[in-house]
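Topology and contacts: notes
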Amino acid sequence: MITIREGGLDEPQVQDLLRLHASGMLANSPAESCHFLDLSGLQAADVTFWSAWEAEDLLGMGALKQLDATHGEVKSMRTVPAQLGKGVGAAMLEHILATARARGLTRLSLETGTAPAFEPALRLYARYGFVPCPPFGSYAEDPHSRFLTLAL
């Protein structure tokens with residue numbers, strides 16, 4: 001059973017997954033095209049971070065960044081490699097969507113890469129209704145970035 005908890009950034013397993021996430025992004029996109037949040041970025045006042053667990057085993061993570069009063073951004077979605085294909089990403093995305101709706105957001109957007117490694121994430125987002133959009137917030141056009149949005 002997947003339990004999603006707010007926080008967890010002080011947990012060693014979460015910090016290991018953050019390092020894996022950063023190295024995965026950098027392995028599949030040029031550094032200037034990587035927009036992942038580091039530990040301090042995930043601790044910012046406008047970011048809510050969650051970790052997904054089964055008992056004491058970390059399954060994954062995700063975050064919601066508040067861009068303005070009506071627009072949020074999905075950040076730091078990552079599943080522990082041994083847990084891929086078990087619904088962790090879907091559970092986290094559903095949690096983020098529910099939180100965004102509860103906060104009164106009317107739009108949720110995200111940026112992800114274009115390399116083949118990002119295809120599973122793109123399929124997940126498409127399954128939940130995310131569609132391509134132009135760059136949002138402080139993002140600019142980038143051949144290594146895809147931008148998606150969902151009206152809530």
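In what follows, the accompanying structure is described.

Criteria and cut-off values
- Residues numbered from 1 in each chain as written.
- Predicted model: local features only at pLDDT ≥ 70, side-chain atom pairs only at ≥ 80, totals over all residues.
- Heavy atoms only, no water.
- Phe/Tyr/Trp six-rings, centres within 6.5 Å; stacked < 30°, edge-to-face > 60°.
- Buried < 20%, exposed > 50% of the residue type's maximum accessible area, 1.4 Å probe, protein only.
- Helix = DSSP H or I, 4+ residues; strand = E, 2+ residues; numbered from the N terminus.
- Pairing = 2+ DSSP bridges.
- Contact = heavy atoms within 4.5 Å.
- Core = buried A, V, L, I, M, F, W, Y, C linked by side-chain atoms within 4.5 Å.

Next up on the list: the packing of aromatic side chains. Under the criterion given, the structure shown has 4 aromatic pairs. Each ring, one from Tyr125 and one from Phe130, has its centre 5.6 Å from the other, and the planes form 65 degrees; the classification is edge-to-face. Classification of Phe130 as buried rests on a relative accessible area of 5%. Ring centres 6.1 Å apart and planes at 85 degrees place the aromatic pair Phe136 and Phe147 in the edge-to-face group. With Phe136 in the loop between β6 (131-132) and β7 (145-151) and Phe147 in strand β7, this residue pair connects regions lying 11 residues apart in the sequence. The pair Phe136 / Phe147 is uniform in exposure class, with both members buried. Cluster of aromatic residues (ring-pair linked, three or more members): Phe136, Tyr139 and Phe147.

Time to look at the sheet that holds strand β4 (residues 71-79). The sheet built from 7 strands is open, its strands ordered β1-β2-β3-β4-β5-β7-β6 with mixed pairing. Edge positions in the open sheet fall to β1 (3-6) and β6, since each of these has one partner strand only. Here 2 bridges tie β6 to β7, and the two strands are oriented antiparallel to one another. Along β7, the bridge assignment pairs Pro132 with Leu148.

What follows concerns the environment of His21. As for its placement among the helices and strands, His21 is situated in helix α1 (residues 12-28). Spatially, the C-alpha atoms of His21 and Ser51 are 14 Å apart, while their sequence positions differ by 30 residues. Not counting the four nearest positions on each side in its chain, His21 is found in contact with Phe36, Met61, Ser76, Met77 and Arg78.

Attention shifts here to unusual backbone geometry. Positioned with a positive phi, Ala55 is a non-glycine residue whose angle comes to about 55 degrees. One can find Ala55 in the loop between β2 (47-54) and β3 (57-66). The phi dihedral of Ser76 is positive, around 55 degrees, even though this residue is not glycine.

With that out of the way, let us pick up the nonpolar core. Counting residues in each nonpolar core, the largest one holds 22 residues, and the members touching the most others are Val74, Met77, Leu93, Ile96, Leu108, Tyr125 and Phe130. Secondary-structure elements contributing two or more residues to this core are β2, β3, β4, α3 (88-102), β5 (107-113), α4 (119-127) and β7. Of the residues forming this core, the biggest block, 7 residues, is contributed by α3. Counting residues in hydrophobic clusters, the runner-up holds 13 residues, among them Leu9, Leu18, Leu58 and Met61.

With that settled, consider the pairing of β2. When you tally the buried positions in β2, you get 7 out of 8 residues, the bulk of the element. Taken together, the 4 bridges between β1 and β2 define a ladder with antiparallel strand orientation. The partner of Thr3 across the bridge, within β2, is Trp53. Relative to β3, β2 runs antiparallel, the two being bridged by 8 bridges. Directly across from Ser51, in β3, lies its bridge partner Met61. Taken together, β2 and the strand that follows it, β3, pair antiparallel across an intervening segment of 2 residues, in which Ala55 is found at a positive phi of about 55 degrees.

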